[in-house]
Amino acid sequence: MPREVFLVELWRRYADAAEEIRVKRYPDYVKLKARLKHYLYTIRVPPDVADQLIKEYKSKNKTINEY
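Remember, predicted model here, so these are calculated numbers, not experimental data.

Considering the nonpolar core
At step 1: Within the largest apolar cluster, 18 residues are counted, with the highest numbers of intra-cluster contacts made by Trp11, Ile21, Leu32 and Tyr57.
At step 2: Secondary structure elements with two or more residues in this core: helix 1 (8-17), strand 2 (20-25), strand 3 (30-35), strand 4 (40-45) and helix 2 (47-59).
At step 3: Per-element accounting of this core gives the leading share, 4 residues, to helix 2.
At step 4: Residues within four places of Ile21 in sequence aside, it is in contact with Trp11, Ala15, Lys33, Tyr57, Lys62, Thr63, Ile64 and Asn65.

See below:
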């Protein structure tokens, strides 16, 4: 079962340790998912914040899959 977090700073901590980051776009928000060894951590953010986070983690050479 995934765990949803509500603070971007907390999700970034998980994303730094993630094996993979998944992106699912919806009309009103973007769901970012950080896949760790035991859990999947998710956060819902506005599209502009999501684009900044995706750009940041692409520069860190994280695997990013968009669905």
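Things to note about the pairing of strand 3
At step 1: Burial along strand 3 is one-sided: the residues Val30, Leu32 and Ala34 are buried and none of Lys31, Lys33 and Arg35 is.
At step 2: Hairpin connection between strand 2 and strand 3: a loop of 4 residues separates the two successive antiparallel strands.
At step 3: The pairing of strand 3 with strand 4 spans 6 bridges and is antiparallel. Looking at the pairing, Lys31 lines up with Arg44 of strand 4.
At step 4: Linking strand 3 back to strand 4 in an antiparallel pair, the connection comprises 4 residues.

Focus: the packing of aromatic side chains
At step 1: In total, this model carries 4 aromatic pairs according to the counting rule given.
At step 2: Note on Trp11 and Tyr57: the rings are 6.0 Å apart at their centroids and 90 degrees apart in plane angle, and the pair reads as edge-to-face. Of this pair, Trp11 sits in helix 1 while Tyr57 sits in helix 2; the two residues are 46 residues apart in sequence, bridging distant segments of the chain. Here Trp11 and Tyr57 have matching classes, each one buried.
At step 3: Ring centres 3.7 Å apart and planes at 5 degrees place the aromatic pair Tyr14 and Tyr41 in the stacked group. On the criterion of sequence distance, the pair formed by Tyr14 in helix 1 and Tyr41 in strand 4 is long-range, its members being 27 residues apart.
At step 4: You can call Tyr14 partly exposed: its relative accessible area is 21%.
At step 5: Three or more aromatic residues link up through ring pairs in this structure, and these residues are Tyr14, Tyr39 and Tyr41.
At step 6: Note that Arg3 overlies the ring of Tyr39, its terminal NZ or CZ placed 3.7 Å from the centroid.

Here is what the cut-offs are and how they apply
- Residues numbered from 1 in each chain as written.
- Predicted model: local features only at pLDDT ≥ 70, side-chain atom pairs only at ≥ 80, totals over all residues.
- Heavy atoms only, no water.
- Core = buried A, V, L, I, M, F, W, Y, C linked by side-chain atoms within 4.5 Å.
- Buried < 20%, exposed > 50% of the residue type's maximum accessible area, 1.4 Å probe, protein only.
- Helix = DSSP H or I, 4+ residues; strand = E, 2+ residues; numbered from the N terminus.
- Contact = heavy atoms within 4.5 Å.
- Pairing = 2+ DSSP bridges.
- Phe/Tyr/Trp six-rings, centres within 6.5 Å; stacked < 30°, edge-to-face > 60°.
- Lys NZ or Arg CZ within 6 Å of the ring centre and 35° of its normal.

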